[in-house]
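Each chain, written out:
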Amino acid sequence: MAEGNTDAVTRACDMIEERTCGAGVPPRPSDIPLLAILATACEFTGEVARAREAANRWVLAAPLGPYAHYKLALVEQRLKNYPEASRRLYLAASLAGPDDDVLYAVRDALSALDVLQLQQIIALREVDYEFRLQLQSSPESALEAKGFALSAGAFQQLLAHRDDDLEYPLNRPRLLS
């Protein structure tokens, strides 16, 4: 992966998948490292649906593993399944120990997920008049209908600002003026 050789990564994925994903065979704890590699490699090569399958199998093999839930959350985010991504991130945080590195990664991912969604909400609000009206009258329903899942803090920020004040989500500077 470091060299960007997607053909070699794809061949490795096929070999790992053959070993760990037999028909109807539940994953074993010994499969965990291979499933972690498979999920990452598939995501790297753009096979996000395949990465989701590998991450799901990783979660089955390690249901109390915060890293497995974290990886599945990142894949769900790439698939724009924000409610599931958020749920998995919170689950990963609850399973992590107080000094676990994944806890810091989860905090960053939750913040990034809110920023991403707020940017998408702002963009959608600009082009979808019906969404803008729904957002003003029933924000929770409008967001849920479009598949958004903001944290409580981001939702409060959305409610606290007028339409034109939301250009800088979560007080992050704009990259383009």
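Bear in mind the structure is a predicted one, so any value in this text is a computation, not a measurement.

Reading the values: the criteria
Residues numbered from 1 in each chain as written. Predicted model: local features only at pLDDT ≥ 70, side-chain atom pairs only at ≥ 80, totals over all residues. Heavy atoms only, no water. Axes fitted to C-alpha atoms, helices over the stretch in contact; angles between N-to-C directions. Helix = DSSP H or I, 4+ residues; strand = E, 2+ residues; numbered from the N terminus. Parallel < 35°, antiparallel > 145°, perpendicular 65-115°, else oblique. Left-handed = near helix turned anticlockwise from the far one by under 90°. Contact = heavy atoms within 4.5 Å. Nonpolar A, V, L, I, M, F, W, Y, C, P; charged D, E, K, R; others polar. Salt bridge = Lys/Arg side-chain N within 4 Å of Asp/Glu carboxyl O. Buried < 20%, exposed > 50% of the residue type's maximum accessible area, 1.4 Å probe, protein only. pLDDT = per-residue confidence, 0-100.

So, about the packing of helix 2 (residues 32-44) against helix 3 (residues 48-61). Across the interface, helix 2 lies against helix 3 with an axial gap of 8 Å and an inter-helix angle of 160°. Relative to helix 3, the element helix 2 lies roughly antiparallel. You can see that helix 2 and helix 3 cross each other, and the crossing is left-handed. On the side of helix 2, the interface is formed by Ile32, Leu35, Ala36, Leu38, Ala39, Cys42 and Glu43, while helix 3 contributes Val48, Arg50, Ala51, Ala54, Ala55, Arg57, Trp58 and Ala61. Taken together, the residues that form the contact of helix 2 with helix 3 break down as 12 nonpolar, no polar and three charged.

Per the counting criterion, the structure on display carries nine salt bridges. Close ionic contact of Arg88 with Glu84 constitutes a salt bridge, the shortest N to O distance being 2.9 Å. Note that Arg88 and Glu84 are positioned in helix 5 (residues 82-95) at a spacing of four residues, about one turn of the helix. For Arg88, a relative accessible area of 11% puts it in the buried group. A salt bridge links Glu126 to Arg125; the nearest nitrogen and oxygen atoms lie 3.3 Å apart. Through salt bridges with shared partners, a single network forms among Glu43, Lys71 and Arg78.

Let us look at the confidence of the model for the protein. Averaged over every residue, the pLDDT of the protein is 84; the share at 70 or more is 77%. Predicted confidence in the protein is weakest over helix 1 (residues 6-20), with a mean pLDDT of 66, and strongest over helix 4 (residues 66-78), with 97. Counted against residues more than four places away or in other chains, residues 165-177, with its pLDDT under 50, gives 23 contacts.

Right, let's get into unusual backbone geometry. Phi is positive for Lys80, close to 65°, though the residue is something other than glycine. Secondary-structure assignment places Lys80 in the loop between helix 4 and helix 5.

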